[in-house]
Amino acid sequence: MKQVPALKIDGITIHQSLAIIEYLEETRPTPRLLPQDPKKRASVRMISDLIAGGIQPLQNLSVLKQVEEKFQLTWAQNAIISGFNALEQILQSTAGTYCVGDEVTMADLCLVPQVANAERFKVDCTPYPTISSINKRLLVLEAFQVTHPCRQPDTPTELRA
Amino acid sequence: MQAGKPILYSYFRSSCSWRVRIALALKGIDYETVPINLIKDGGQQFSKDFQALNPMKQVPALKIDGITIHQSLAIIEYLEETRPTPRLLPQDPKKRASVRMISDLIAGGIQPLQNLSVLKQVEEKFQLTWAQNAIISGFNALEQILQSTAGTYCVGDEVTMADLCLVPQVANAERFKVDCTPYPTISSINKRLLVLEAFQVTHPCRQPDTPTELRA
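Residues numbered from 1 in each chain as written. Chains lettered and ligands numbered in written order. Predicted model: local features only at pLDDT ≥ 70, side-chain atom pairs only at ≥ 80, totals over all residues. Heavy atoms only, no water.

## Looking at the UniProt feature "domain: GST C-terminal" (unreviewed entry) in chain A
With numbering aligned to this structure, UniProt lists the feature "domain: GST C-terminal" (unreviewed entry) at residues 37-157 of chain A. The span residues 37-157 of chain A is 65% helix and 0% strand, and its two end C-alpha atoms sit 44 Å from each other. (UniProt positions renumbered as here; feature names shortened; annotations may be inferred. Helix = DSSP H or I, 4+ residues; strand = E, 2+ residues; numbered from the N terminus.)

Below you can see the structure in the form of structure tokens.
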């Protein structure tokens, strides 16, 4: 698909971020990234798919390049706004400390990077208090900090933390 | 409506709805259909009632076991976990990864780029090319991936969630007049799947909301 990420692990290469995460969950089950209860697992996957399938693909680089330059920002903003409008509503019934209940799940792994994209595209997140507060809580966790775009091997100097 | 039967909110031609219809048929789950017409009345998915059910204002949505789930793959994975036979995901984690990879490629990498709400944002004269490009990019990748995963079907010789994604996407390709000659593996797997009963009874041409002129 000529996209990142791709993971070489256990002799295979997997792409599609959620397929990678589900493989890691099944082969390295602790700590869990999906709850035990099937209904809560459905909520986690629903939120993850909403972001990974319903928002991000519409605002990623290869799609934006097909949109006339003067409309690119609005296009990206619209994709995020539509998705966040829905997500803010859904989180009313699923969220605890994090997206689904009080443990970090795959849904949270999707949320934080998407909020970062929203900031990059100058989307006003005031209408999304639940998304914003969950994002804030997640960003203080070590795993979200060490993996932040500003701390990667390929982070340009001027963007490095 | 019988109490307790799952309710599927579906549009006959929605490829995402078709995926779930196939899963329900394969698992022998009886359900009610509530048709949501994506075009009539400005799009019934925008009604207040439906928006409360699915804030993304998209089909499918499934009411089952006292909850409502949307996002077709989340629905299918829930059905798999609660009604595990027949399987829609292999037992082996590496094969499961292949199934999810192919499913996500289609459900996240192709379909969202050519669905109605996105096409409406593209200038009318470019809409067909836009949809075709989305499908061609995806199918170019998928044809390559299937070289290493496919047996009779997308992953090995059993029907999996990947196959439930493939057939409706090929139907979309045909609707958008995409030439499928460069995709012999996709085409032959699609052909094999279409003869199976679950793919036939759930076909867009046989739904409660199929318009008369498109009915089989």
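## Some points on unusual backbone geometry
In this structure, the amide linkage connecting Val59(B) to the following residue, Pro60(B), adopts the cis form with an omega of 0°. Its place among the elements puts Pro60(B) in the loop between α2 (48-53) and β3 (61-64). Of note, the bond from Thr85(B) into Pro86(B) is cis; its omega dihedral lies within 30 degrees of zero at -5°. Mapped onto the fold, Pro86(B) is located in the loop between α3 (72-82) and α4 (93-109). The phi torsion at Gln16(A) lies on the positive side, around 80°, for a residue other than glycine. With respect to the helices and strands, Gln16(A) occurs in the loop between β2 (12-15) and α1 (17-27). Although it is not a glycine, Gln71(B) sits at a positive phi angle of roughly 75°. Positionally, Gln71(B) belongs in the loop between β4 (67-70) and α3.

## Considerations on the interface of chain A and chain B
Tallying the contact residues gives 35 residues for chain A and 37 residues for chain B. Each partner contributes to the roughly 3000 Å² buried at the junction of chain A and chain B, and carbon and sulfur atoms together form 68% of this total. If you look at where chain A meets chain B, you find six salt bridges. In this structure, Arg45(A) and Glu77(B) form a salt bridge, with 3.6 Å as the shortest nitrogen-oxygen distance. Inspection of the region where chain A meets chain B yields eight residue pairs in polar contact (both at pLDDT 80 or more). Taken together, the elements giving at least two residues each to the side of chain A that touches chain B come down to β2, α1, α2 (38-54), α3 (56-59) and α5 (72-94) of chain A. Element by element, the count of residues in the side of chain A that touches chain B is highest for α2(A), at ten residues. Its residues assigned to classes, the side of chain A that touches chain B comprises 17 nonpolar, eleven polar and seven charged. (Contact = heavy atoms within 4.5 Å. Buried area = accessible area lost by both parts, 1.4 Å probe. Salt bridge = Lys/Arg side-chain N within 4 Å of Asp/Glu carboxyl O. Polar contact = N/O pair within 3.5 Å; in protein donor to acceptor, adjacent residues only side chain to side chain. Nonpolar A, V, L, I, M, F, W, Y, C, P; charged D, E, K, R; others polar.)

## Observations concerning the packing of α2(A) against α3(B)
When two helices pack together, their arrangement is captured by the angle between the axes and the distance separating the axes. With their axes 8 Å apart at the nearest point, α2(A) and α3(B) run at an angle of 160° to one another. With respect to α3(B), the element α2(A) is oriented roughly antiparallel. For the pair α2(A) and α3(B), the crossing hand works out as right-handed. Where α2(A) abuts α3(B), its residues Pro38(A), Lys39(A), Arg41(A), Ala42(A), Arg45(A), Met46(A) and Asp49(A) lie against Leu73(B), Ala74(B), Glu77(B), Tyr78(B), Glu81(B) and Thr82(B). Each residue belonging to the contact of α2(A) with α3(B) can be placed in one class, and the counts come to six nonpolar, one polar and six charged. (Axes fitted to C-alpha atoms, helices over the stretch in contact; angles between N-to-C directions. Parallel < 35°, antiparallel > 145°, perpendicular 65-115°, else oblique. Left-handed = near helix turned anticlockwise from the far one by under 90°.)

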